[in-house]
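# Structural characterization, general
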Amino acid sequence: MARFSVRTGAVRSYVQGLDEELTDHDHVLLVRHGHSAPEATQKILPLTEALLGFAQEAARRLGLPPLERFVVPRPREAGAAAVETFLAAHPDVTALAAFDDDIALRSAYAGPGSVLAT
């Protein structure tokens, strides 16, 4: 069996170099390791607000009503309840957009009548 190891310092240097390069080009490197901590969440919030602003502007340009926000929590049952409650309160909604794939999948599995619902 082949074995290998990655030196933490080498990985850290690579990530720092990548971050510096992206910063030079006005980009942001986001790296998520494990569960989020309150400090990490606070750092992500400005990005979330910026993305929401872009989405709101796109909706406005398309003549759509302002976007509504809601939280899809964990565990799956709580997420399903949140999606069902939101959709019941907004029966005209035909699509959901999510900040990341994790939230999108939880929302898709949660929706009533979803092809992904079990």
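Attention here is on the structure that accompanies the text. (Residues numbered from 1 in each chain as written. Predicted model: local features only at pLDDT ≥ 70, side-chain atom pairs only at ≥ 80, totals over all residues. Heavy atoms only, no water.)

## Observations concerning helix H3 (residues 76–89)
In a regular helix each residue adds 1.5 Å, so 14 residues correspond to 20 Å; H3 covers 20 Å between its end C-alpha atoms and thus fits that length. Turning to H3, its buried residues number three or more, namely Gly79, Ala80, Ala82, Val83 and Phe86. The buried residues of H3 occupy one face: seen down the axis, they fall within an arc of 160 degrees. In H3, those exposed residues whose orientation departs by more than 90 degrees from the buried face are Glu77, Thr85, Ala88 and Ala89. The elements touched by buried residues of H3 are helix H4 (101–110). (Helix = DSSP H or I, 4+ residues; strand = E, 2+ residues; numbered from the N terminus. Expected span 1.5 Å × (residues − 1). Buried < 20%, exposed > 50% of the residue type's maximum accessible area, 1.4 Å probe, protein only. Arc of directions from axis to C-beta. Contact = heavy atoms within 4.5 Å.)

## Comments concerning the packing of aromatic side chains
The final tally for this structure, using the stated rule, is 1 aromatic pair. Judged by centre distance (4.1 Å) and plane angle (15 degrees), the ring pair of Phe70 and Phe86 falls under stacked. With Phe70 in the loop between helix H2 (38–61) and H3 and Phe86 in helix H3, this residue pair connects regions lying 16 residues apart in the sequence. By relative accessible area, Phe86 is classed as buried at 9%. (Phe/Tyr/Trp six-rings, centres within 6.5 Å; stacked < 30°, edge-to-face > 60°.)

## What to know about the pattern of salt bridges
Enumeration over the complete set of coordinates arrives at 3 salt bridges. Across the salt bridge formed by Arg69 and Glu49, the nearest N and O atoms sit 3.2 Å from each other. Remark: Glu49 occurs in helix H2 and Arg69 occurs in the loop between H2 and H3; sequence separation between them is 20 residues. Here Glu57 and Arg60 are joined by a salt bridge, their closest N and O atoms 2.5 Å apart. Separated by 3 residues within a single helix, Glu57 and Arg60 lie in helix H2, roughly one turn from each other. The class of Arg60 is exposed, set by a relative accessible area of 54%. The network of salt bridges with common partners includes Glu57, Arg60 and Arg61. (Salt bridge = Lys/Arg side-chain N within 4 Å of Asp/Glu carboxyl O.)

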